[in-house]
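Working through the structure, step by step
The residues making up each chain are set out below.
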Amino acid sequence: SCAGDKTSFTDLSVLAVAPLIKWDWTFSDNTGVIGRKEDQNPDYIFNTPGDYIVNLMVRDTNGCIDTINQNVTTWSVPTSIFNYTDNFNDVQGQLQFTNTSIDATKYYWTFGNGDDSYGENPVAFYQNDGTYSITLVTWNDKECSDTITMDYNFMVKGLYIPNAFSPENPKASVQLLKPVGINLKEYRFEVYDRWGN
């Protein structure tokens, strides 16, 4: 089992003469008993990786009992961690992900934009304003998994400024210097005449 996931136990006891009426499960580690269950087929969660002893004692209607021990190993779980570089290669909306997950050997990403990847350090591209849910699922060599999800807020930003204008030109479309921007709080530009003033 993987630490933090439930482990399911199945009673395979064989009747002797009388029917079974009681099941006592005891879960122990090297410090002693850590849990008990009385279901016939219980689930138990081992939160820490390691080796455990599981004891089952059954009782029938005559009061006869039998007991058995089984060793159970619980595996460690990887830790999913990542960060990203925004505007990767100077491309607006392009993210380069850096995977810093611990003890992981396989990866699966969803980017919230309809794309996914099995790469370790993928690149994703966003072109529309919005909040995108980015998820990384990692697995180790025991197929234990961990998931991390974060929201990425993307807003297209842009500014177009004409590189020339002519106030006395008869064409109205070139008489004004008219910048056009989107999703900008402020911008600054400087205007020079043809002599550099």
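Details of the overall build of the chain
- The helix and strand inventory of the chain stands at 0 helices and 15 strands.
- Dimensions of the chain, computed from the C-alpha atoms along their principal axes, are close to 110 × 25 × 25 Å.
- Across the 197 residues in the chain, those meeting the buried criterion constitute 27%.
- By element, 49% of the accessible surface of the chain is carried by carbon and sulfur atoms, the whole surface being about 13,300 Å².

Overview of a nonpolar patch on the surface
- A grouping of Leu-159, Phe-165, Leu-184, Tyr-187, Phe-189 and Val-191 is seen on the molecular surface, where their side chains present a nonpolar patch of about 500 Å² in accessible area.
- Note on placement: Phe-165 falls in the loop between strand 14 (158-160) and strand 15 (180-182).
- The partly exposed category is assigned to Phe-165, whose relative accessible area is 36%.

Description of the state of the cysteines
- In total, this model carries 1 disulfide according to the counting rule given.
- A sulfur-sulfur separation of 2.1 Å characterises the disulfide bridge that pairs Cys-2 with Cys-144. Given an S-S torsion of about -90 degrees, the disulfide between Cys-2 and Cys-144 has left-handed geometry. Placement of the pair is Cys-2 in the segment before strand 1 (6-8) and Cys-144 in the loop between strand 12 (130-139) and strand 13 (145-154), with a sequence separation of 142 residues. Neither residue differs from the other here; Cys-2 and Cys-144 are each classed as buried.

Brief notes about the confidence of the model for the chain
- For the chain, per-residue confidence averages 92 on the pLDDT scale, and 100% of positions sit at 70 or higher.
- Across the chain, strand 9 (residues 106-110) holds the top mean pLDDT of 98, while strand 14 sits lowest at 71.

So, unusual backbone geometry
- In this structure, Asp-90 takes a positive phi of about 60 degrees despite not being glycine.
- Backbone geometry at Glu-143 places phi at a positive 70 degrees, although glycine is not the residue there.

So, the environment of Ile-68
- Following the sequence through the fold, Ile-68 ends up in strand 6 (residues 65-74).
- In this structure, the C-alpha to C-alpha distance between Ile-68 and Asn-55, residues 13 residues apart in sequence, is 5.7 Å.
- Beyond its immediate chain neighbours, meaning those up to four positions away, Ile-68 contacts Val-54, Asn-55 and Leu-56.

Thoughts on the pairing of strand 9
- The two faces of strand 9 differ: Tyr-107 and Trp-109 on one face are buried, but Lys-106, Tyr-108 and Thr-110 on the other face are not.
- Taken together, the 5 bridges between strand 9 and strand 12 define a ladder with antiparallel strand orientation. Of the residues in strand 12, the one forming a bridge with Thr-110 is Thr-135.
- Counting the residues that bridge the hairpin from strand 9 to strand 10 (residues 116-117) gives 5 residues, and of these Gly-112 lies at a positive phi of roughly 80 degrees.

Things to note about the nonpolar core
- Grouped together as the largest cluster of nonpolar side chains are 14 residues, with contacts concentrated most on Phe-97, Trp-109, Phe-111, Tyr-126, Ile-134 and Tyr-152.
- The contacts of Trp-109, once residues within four sequence positions are left out, are Phe-82, Phe-97, Asn-99, Asp-116, Ser-117, Gly-119, Glu-120, Pro-122, Ile-134, Thr-135 and Leu-136.

Thoughts on the pattern of salt bridges
- One pass over the structure, following the stated rule, counts 5 salt bridges.
- Where Lys-6 meets Asp-43, a salt bridge forms, and the shortest distance between an N and an O atom there is 3.5 Å. Taken as a pair, Lys-6 in strand 1 and Asp-43 in strand 4 (residues 43-45) lie far apart in primary sequence, 37 residues in all.
- Given a relative accessible area of 55%, Lys-6 falls into the exposed group.
- In this structure, Glu-190 engages Arg-188 in a salt bridge whose closest nitrogen and oxygen atoms are separated by 2.8 Å.
- On the basis of relative accessible area, Glu-190 is assigned to the partly exposed category, the value being 46%.

So, how was this worked out
- Residues numbered from 1 in each chain as written.
- Predicted model: local features only at pLDDT ≥ 70, side-chain atom pairs only at ≥ 80, totals over all residues.
- Heavy atoms only, no water.
- Helix = DSSP H or I, 4+ residues; strand = E, 2+ residues; numbered from the N terminus.
- Buried < 20%, exposed > 50% of the residue type's maximum accessible area, 1.4 Å probe, protein only.
- Areas by Shrake-Rupley, 256 points an atom, 1.4 Å probe, with all protein chains shown as cover.
- Patch = residues over 30% accessible without salt bridge, like charges linked within 9 Å, V, L, I, M, F, W, Y side chains within 5 Å.
- Salt bridge = Lys/Arg side-chain N within 4 Å of Asp/Glu carboxyl O.
- Disulfide = S-S within 2.5 Å.
- pLDDT = per-residue confidence, 0-100.
- Contact = heavy atoms within 4.5 Å.
- Pairing = 2+ DSSP bridges.
- Core = buried A, V, L, I, M, F, W, Y, C linked by side-chain atoms within 4.5 Å.

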